[in-house]
Every structure is written in C-alpha cells, then in structure tokens.
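Letter by letter, the chains look like this.
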Number of protein chains: 2
Amino acid sequence: MSLRLGIVGYGKIARDEHVPAIAVTEGLELAAIATPEGAEAAVPVYPHLAALLEGSPDVDAIVLCQPPAARFEAARMALAAGKHVFLEKPPGIAVSEVKMLGAMAQAQGLTLFAGWHSRWSSAVAELKAWCAAHPVDAVRIVWKEDVRRWHPEQAWIWEPGGYGVLDPGINALSILTEVMPEPFRVRSARFEIPDGRATPIAATMQLEALSGAPVAVEFDWRQTGPQIWQIDFSAGSQQRRFAQGGEDAASLTGNEESALAVEYRAMYRHFRALVLAGASDVDCRPLEIIADAFLCGQVETVAPFED
Amino acid sequence: MSLRLGIVGYGKIARDEHVPAIAVTEGLELAAIATPEGAEAAVPVYPHLAALLEGSPDVDAIVLCQPPAARFEAARMALAAGKHVFLEKPPGIAVSEVKMLGAMAQAQGLTLFAGWHSRWSSAVAELKAWCAAHPVDAVRIVWKEDVRRWHPEQAWIWEPGGYGVLDPGINALSILTEVMPEPFRVRSARFEIPDGRATPIAATMQLEALSGAPVAVEFDWRQTGPQIWQIDFSAGSQQRRFAQGGEDAASLTGNEESALAVEYRAMYRHFRALVLAGASDVDCRPLEIIADAFLCGQVETVAPFED
C-alpha cells in the first residue's frame with residue numbers, strides 16, 4: 001500500500017525535486033497538489049491546503065514546500081487532520097514553532113520530518129566518517145553565491161522570516177551539525193542587511209565546538225564570479241574539503257540537478273521509513289545556531305539591493 | 001560546613017542584592033570577590049577570576065554578576081577548576097553557550113544555576129497556582145521603564161550581547177514561562193534600535209501558547225512617567241494582573257529593594273539546595289523566546305539615544 005502524498009506550495013523546488021523524487025520512490029505516490037497559482041498536473045490541484053484536505057481526504061501525508069513563514073499554520077492544520085508532515089528547509093521562521101509542531105505530532109502519533117536536503121549526499125556520509133576518525137580542530141565555511149542567479153523573483157527571501165542569505169547558508173550549517181555531532185556555541189555574528197529589506201545579504205559568524213574547535217562562517221549573496229559552497233576541515237596536519245555538488249564547486253552547475261535529485265530521493269526514502277516506524281525526525285540545531293547569531297549579533301545596514 | 005562563594009563582577013546588583021542575600025542565608029559564606037575596579041570588602045578582592053581561583057583555591061562556587069557577554073568564558077574557567085556556578089540573568093549572550101555550560105557542568109558533576117530572580121516572589125507562586133486552576137486564554141505583557149533612571153552609565157547594555165530593553169523584558173518572559181509551563185512560539189516581533197547602537201530601545205512581540213492563547217508583549221525603555229511592569233492574564237471572564245513589586249506598579253519605588261531582596265534570598269536557598277543535591281537548574285526558555293524573536297523579527301532604526 002503506497003503512502004499518498006499531498007504537496008502544498010508548487011514552486012521551483014516542488015516541481016524540480018519533490019515531484020520527480022516521489023515518482024521514483026517505492027511506496028510513495030503523489031495524490032494531490034495545493035497552490036494558489038494553479039498547475040497542470042495528473043493529480044487534483046487545489047487552491048490551498050484546506051481545500052486539499054476536503055477534496056482528497058485519503059492523502060496520508062502533506063509535504064510543505066511553500067515559503068517558511070506560511071509553514072507553521074499549514075503543518076498544524078495537516079497534523080490536526082491526522083496527516084504526517086514533511087517540512088522543506090528551513091522548517092519554519094522560529095525554533096519554537098518547529099518544536100511545537102514536533103510536540104503536536106508526537107501527541108497525535110504522527111510523523112514530522114524536518115528535511116535538510118544537503119545532509120543526504122554520499123559526500124556528507126563520507127565526511128562524517130572522516131570527522132569521526134580525525135579530531136577536527138578548525139572549520140571554515142564559505143558559502144558565496146549570486147542571489148540574482150539562484151533566487152530570481154523570490155520576494156519572500158527579503159521579508160521577515162525569509163532568512164536572506166541564511167536560506168542557502170543554513171544548508172552549510174545542516175552539514176556541519178550532521179558531520180560533527182557535538183554541540184556548537186555562537187561567539188559572535190555580523191549581518192549586512194540592505195537598506196529597506198528585512199533579511200541579510202551577507203553574514204559572518206564565529207562558532208565554537210564543545211571540543212574548542214573554532215568555526216569561521218562566511219555567507220555572501222553578492223558573489224558574481226565563481227560560485228563557492230565549501231567547508232574546510234582541519235585535523236592536525238590533515239585537511240578535508242567539502243564542496244557542494246562535487247570536488248570542484250566552480251564547475252558545479254552541470255552536476256547540481258543530479259546531486260540534488262540524489263538528496264531528495266534519500267530524504268523521501270527516509271520519510272517513508274519514519275512513517276512506517278511511527279517515528280519523527282526534527283533536528284532544530286541549524287536553526288538554533290542562526291537564532292543565536294541574531295540574538296548576539298551586530299546588524300549593519302548596507303546599500304539597497306534591487307533584483 | 002558552609003559553601004564558600006566567590007563573586008565575579010562587583011557592580012550594583014552584586015553589592016545591592018548578592019552580598020546581603022549571601023550574608024543572611026544559612027550555609028553560605030562570601031569568601032572572595034573579583035573585580036577589575038577593586039573594592040572595599042572584608043574578604044580578599046582580586047582583579048579577575050583567574051587570580052581569585054589562584055589566591056582563594058578553597059572557594060566552592062563562583063557567582064557571575066558581570067555583563068552577560070563575559071559570562072561564558074568565566075563560567076567555563078570556574079567549572080574547569082571544579083567550582084559550582086551561579087549565573088546572573090540573562091545567563092549568557094546565546095542559548096547555545098548556556099546549554100554548553102550545562103553540558104560541561106553535568107559532565108563534571110557540578111551544579112550550574114541560571115538564576116531568573118523575578119520568578120522567586122510569592123506573587124509569582126500565587127500566580128502560578130491561579131494559572132493552573134484557570135485556563136488562560138490571553139496574556140498581555142507591558143514592561144515600560146525609563147532606561148536613564150534604572151540603567152545609568154551601563155554602556156554594555158547597548159553593545160552586541162547587551163540585550164537593550166530585553167534585559168529587563170526577559171524578567172517578564174521568565175515569569176510567563178514559570179507560571180504557564182506550556183511551550184510558546186514566536187509569531188512575529190519588531191525591534192526599534194537607536195541609530196548607532198546595537199540593541200533595542202523598544203520591542204513588541206506576538207507569542208502563542210501551545211493551547212492557542214495569544215501573548216502580546218510590549219517593552220519600552222523610553223517611559224518617563226509612571227513606570228509599568230505588568231502582566232495581565234485572562235481566563236474566560238476572569239482577569240488577573242501581576243505587577244512587579246506589588247499591586248500598584250506606579251508606587252513601586254519604595255518597595256523594590258525589599259521585593260528584590262526576597263527574590264535573591266530565595267535564589268540563594270535554591271542554589272545551596274541544588275549543590276547539596278548534586279543537581280543543576282538551567283532553564284533557557286526566556287532566552288529561546290528572545291533568540292526566536294530576533295530570528296523572525298523586523299528591525300527598525302530609530303532616533304539616536306544619548307545617555
């Protein structure tokens with residue numbers, strides 16, 4: 001018996017990754033879509049989640065792919081209707097709302113999965129094994145991309161709860177917290193917010209692992225040349241570089257779709273396994289780091305950004 | 001056998017509250033002070049914690065009363081030296097550093113106490129009983145005081161990690177989370193930060209309890225008339241008002257010292273009991289609410305503030 005899924009929010013990530021991953025995952029079936037814009041699809045399309053729950057009452061689980069600010073209310077509605085829930089990243093606009101959803105899911109015996117797709121590559125699994133074998137004494141994260149290229153016309157990223165450059169940056173933090181399971185603390189942070197916008201276009205953070213290893217973090221959305229998504233780990237004289245999408249981040253473009261596809265397929269297999277096991281997977285650590293950075297960080301207003 | 005205490009940071013709160021509370025609490029004894037400014041005292045005075053640990057190695061516990069940005073390093077040093085630790089509020093500049101200290105204390109079998117003094121009045125205990133008996137359906141927090149009157153020449157409150165108006169405001173959140181033990185989520189927040197400063201002079205937040213009860217929060221440091229520290233609870237047709245320092249917050253000034261003294265004495269009795277029991281008490285919920293508010297909130301730059 002397949003798990004019947006309803007997708008809410010039918011933007012780029014839903015169409016490019018969720019739908020193909022569901023199609024190739026055994027035991028999963030796309031049963032309905034909710035999107036205010038409408039869509040051409042082989043399954044019923046509803047204007048919003050309430051209509052989906054009414055019109056397709058036999059869906060077993062809801063996948064939330066809309067911008068994070070809308071996710072809590074939708075997840076609460078889905079859980080109240082007895083549906084399992086899969087949250088795209090970042091899972092919400094506040095740590096507290098994600099934890100509250102976790103408590104609601106547990107109280108109802110439903111699965112909640114807060115997905116961090118960047119964790120699900122084979123490179124991350126290898127990196128985790130390397131970190132377990134080598135006591136890491138320093139980490140440097142550099143995540144620099146061109147917002148105009150990767151996030152065209154996404155107005156929500158600049159609104160409160162939209163994360164700005166922390167939306168891609170949280171992928172790096174999801175990898176860090178996966179491969180180094182120890183706690184991290186935020187020592188300091190600095191955010192550059194364009195005049196008239198609510199979220200940062202650039203950020204730096206200084207973290208420290210429980211072991212004492214420093215973690216220097218640099219996020220920037222104004223990178224127009226080579227795109228850089230890399231994490232460098234040092235352990236004594238040994239070095240290990242993680243580059244998103246392959247060894248050479250600069251040549252990433254051709255590989256990215258397939259790397260992402262691998263991650264999403266792995267997430268959907270995990271989601272199905274969680275539902276079958278009656279379990280949840282709600283890891284708020286990447287979000288907690290960012291919340292702490294805002295708590296103790298310094299904000300600087302920089303030049304306005306025009307799409 | 002008395003517990004021998006060393007105080008680090010000998011500002012107003014240490015002199016006005018900690019020293020008198022220690023003096024009247026059975027089983028506690030002030031043994032040393034560390035402060036870069038020096039002090040007239042009946043116990044040894046050191047320039048910093050390292051000197052205190054060296055010069056008075058028989059202290060059992062360290063009380064950290066300096067500004068929160070300095071607290072983590074000092075607490076780590078004290079724990080590493082085998083001392084129990086009492087943190088003034090707010091316990092740090094980030095949730096992650098306080099949790100990390102909690103993990104360190106636990107690993108060493110030492111007591112860590114993150115004190116929230118506002119929780120320790122008899123009014124709060126009565127309020128907690130009332131909330132347990134009445135299903136609260138709405139809360140309104142108004143915390144409006146004159147920063148020039150209560151925080152003169154405290155430059156650190158305007159620096160990153162200094163909290164600004166959230167430093168007094170977190171007292172209200174410590175009461176809220178004490179009297180209503182359910183989870184809260186942050187729905188939205190708005191901060192007013194004076195031009196050229198790092199922390200807010202005013203803030204509003206919309207919270208929601210797991211039960212669905214809305215919590216409207218208003219903090220302002222520009223209140224020059226009557227000072228207001230009150231929390232209104234509604235439960236159906238019933239109302240209950242908490243006013244810091246007594247029923248009439250406007251006439252608070254005369255009572256505040258003794259109300260605070262009661263709270264600090266209760267905290268020190270609790271700290272001693274924790275040490276005797278080999279337990280810790282590290283509640284990060286008030287801090288988590290504020291970190292979340294910064295994560296999803298909107299920042300507005302307002303007119304410069306001059307002391």
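The rules behind these values
- Residues numbered from 1 in each chain as written.
- Chains lettered and ligands numbered in written order.
- Predicted model: local features only at pLDDT ≥ 70, side-chain atom pairs only at ≥ 80, totals over all residues.
- Heavy atoms only, no water.
- Axes fitted to C-alpha atoms, helices over the stretch in contact; angles between N-to-C directions.
- Helix = DSSP H or I, 4+ residues; strand = E, 2+ residues; numbered from the N terminus.
- Parallel < 35°, antiparallel > 145°, perpendicular 65-115°, else oblique.
- Left-handed = near helix turned anticlockwise from the far one by under 90°.
- Contact = heavy atoms within 4.5 Å.
- Nonpolar A, V, L, I, M, F, W, Y, C, P; charged D, E, K, R; others polar.
- Phe/Tyr/Trp six-rings, centres within 6.5 Å; stacked < 30°, edge-to-face > 60°.
- Buried < 20%, exposed > 50% of the residue type's maximum accessible area, 1.4 Å probe, protein only.
- Polar contact = N/O pair within 3.5 Å; in protein donor to acceptor, adjacent residues only side chain to side chain.
- Buried area = accessible area lost by both parts, 1.4 Å probe.
- Salt bridge = Lys/Arg side-chain N within 4 Å of Asp/Glu carboxyl O.
- Pairing = 2+ DSSP bridges.
- Right-handed = clockwise from strand over helix to strand, strands pointing away.
- Least-squares fit on C-alpha atoms with pLDDT ≥ 70 in both.
- Domains from an automatic or database assignment.

K.L.:
What am I meant to see in the packing of helix H7 (residues 166-179) of chain B against helix H9 (residues 285-296) of chain B here?
P.N.:
Each pair of packed helices can be summarised by the angle the axes make with each other and by the distance between the axes. All names here are of chain B. It is the contact of H7 with H9, at a shortest axis distance of 8 Å, that shows an interaxial angle of 120°. It follows from the interaxial angle that H7 and H9 lie oblique. Here H7 and H9 pass one another in a crossing that is right-handed. Side by side, H7 and H9 meet where Leu166, Ile170, Leu173, Ser174 and Thr177 of the first sit next to Arg285, Pro286, Leu287, Ile289, Ile290 and Phe294 of the second. Taken together, the residues of the contact of H7 with H9 sort by class into eight nonpolar, two polar and one charged.

K.L.:
Sorry, what's going on with the packing of aromatic side chains here?
P.N.:
Two numbers describe a pair of aromatic rings. These are the distance of the centres and the angle of the planes. Residue and element names in this part refer to chain B. In this structure the tally under the stated criterion is 16 aromatic pairs over all chains. Aromatic side chains Phe86 and Phe113 sit 4.9 Å apart centroid to centroid with 45° between the ring planes, which places their arrangement in the tilted category. Here Phe113 lies in strand E6 (residues 112-114) and Phe86 lies in strand E5 (residues 84-87), a separation of 27 residues in the sequence. On the basis of relative accessibility, which here comes to 0%, the residue Phe86 falls in the buried class.

K.L.:
What should I look at first to understand the side chain of Asp220 of chain B in this one?
P.N.:
Inspection of the secondary structure assignment puts Asp220 of chain B in strand E10 (residues 214-220). At a separation of 2.8 Å, a polar atom in the side chain of Asp220 of chain B contacts the main-chain amide nitrogen of Arg222 of chain B.

K.L.:
Hey, could you run me through the interface of chain A and chain B in this one?
P.N.:
Taken together, the contact between chain A and chain B spans 32 residues of the former and 32 residues of the latter. Buried area between chain A and chain B, summed over both chains or domains, comes out near 2700 Å², and the portion from carbon and sulfur atoms is 60%. Of all residues in chain A, Met100, Arg185 and Leu295 of chain A bury the most surface against chain B, accounting for 25% of the area lost on that side. Here chain A is connected to chain B by eight salt bridges. Arg187 of chain A is paired through a salt bridge with Glu73 of chain B; the nearest N and O atoms lie 3.7 Å apart. Summed over the shared surface of chain A and chain B, the number is ten residue pairs in polar contact (both at pLDDT 80 or more).

K.L.:
Help me understand the pairing of E5 of chain B in this model?
P.N.:
On a regular strand, each side chain points to the face opposite its neighbour's, so the side chains alternate between the two faces of the sheet. Residues and elements named next belong to chain B. Both faces of E5 are covered, namely the face carrying His84 and Phe86 and the face carrying Val85 and Leu87. Bridge count between strand E4 (residues 61-64) and E5: four bridges; the pairing is parallel. Its bridge partner lying in E5, Val63 is registered against Phe86. Handedness of the crossover joining E4 and E5 through helix H3 (residues 71-80) is recorded here as right-handed. Where the polypeptide runs from E5 across helix H4 (residues 95-108) and back to E6, its parallel neighbour, the crossover connection is right-handed.

K.L.:
What's the story with the relation of the copies chain A and chain B in this structure? I'm lost.
P.N.:
Placing chain A over chain B gives an RMSD of 0.0 Å and needs a rotation angle of 180°, together with 0.0 Å of translation along the axis. Here the copies are linked by what is in effect a two-fold axis. A shared interface surface links the copies, since 100% of the contact residues of chain A are contact residues in chain B too.

K.L.:
Help me out: how do you make sense of the domain arrangement of chain A in this one?
P.N.:
A common way to state how big an interface is: give the accessible area lost once the parts meet. Residue and element names in this part refer to chain A. When its domains are assigned, chain A resolves into domain 1 (3-117 + 261-280) and domain 2 (119-250 + 288-302). Of note, the centres of domain 1 and domain 2, computed from C-alpha atoms alone, are 26 Å apart. At the interface, 16 residues of domain 1 touch 13 residues of domain 2. Interface area, domain 1 with domain 2, both sides summed: about 1300 Å², of which 65% is carbon and sulfur. Three residues, Lys89, Pro90 and Trp116, lead the burial of domain 1 against domain 2; their summed loss comes to 36% of the area buried on that side. The tally of links from domain 1 across to domain 2 stands at two salt bridges. We note a salt bridge from Asp167 to Lys89, for which the minimum N-O separation is 3.7 Å. Joining domain 1 to domain 2, the criterion identifies seven residue pairs in polar contact (both at pLDDT 80 or more). Where the side of domain 1 that touches domain 2 is concerned, the elements lending two or more residues are helix H4 (95-108) and helix H8 (253-277). Sort the elements by how many residues they give to the side of domain 1 that touches domain 2 and H8 lands first, with five residues.

K.L.:
How should the pairing of E10 of chain B be read in this particular structure?
P.N.:
All names here are of chain B. Bridge analysis of strand E7 (residues 138-144) against E10 gives six bridges, and the strand direction is parallel. In the sheet register, Lys144 faces E10, and the bridge partner there is Asp220. By the bridge criterion, seven bridges tie strand E9 (residues 202-209) to E10 in an arrangement that is antiparallel. Residue pairing for E10: Ala203 is matched across the bridge by Phe219. Between E9 and the antiparallel strand that follows it, E10, lie four residues; Gly212 among them carries a positive phi value of about 105°.

K.L.:
How do you make sense of the pattern of salt bridges when you look at a structure like this?
P.N.:
Side chains that differ in sign of charge can pair as their charged atoms come close. Tallied over the full model, the rule gives 46 salt bridges over all chains. When the shortest N-O distance is used, the salt bridge between Glu97 of chain A and Arg185 of chain B registers 3.7 Å. Placement of Glu97 of chain A in helix H4 and of Arg185 of chain B in strand E8 (residues 184-194) is noted, with the two residues assigned to different chains. Arg185 of chain B carries the same exposure label as Glu97 of chain A, and that label is buried. Here Glu218 of chain A ties to Lys144 of chain A by a salt bridge, and the two come within 3.0 Å at their closest N and O atoms. Residue Glu218 of chain A is located in strand E10 (residues 214-220), and its partner Lys144 of chain A is located in strand E7 (residues 138-144); the two are separated by 74 residues in the primary sequence.

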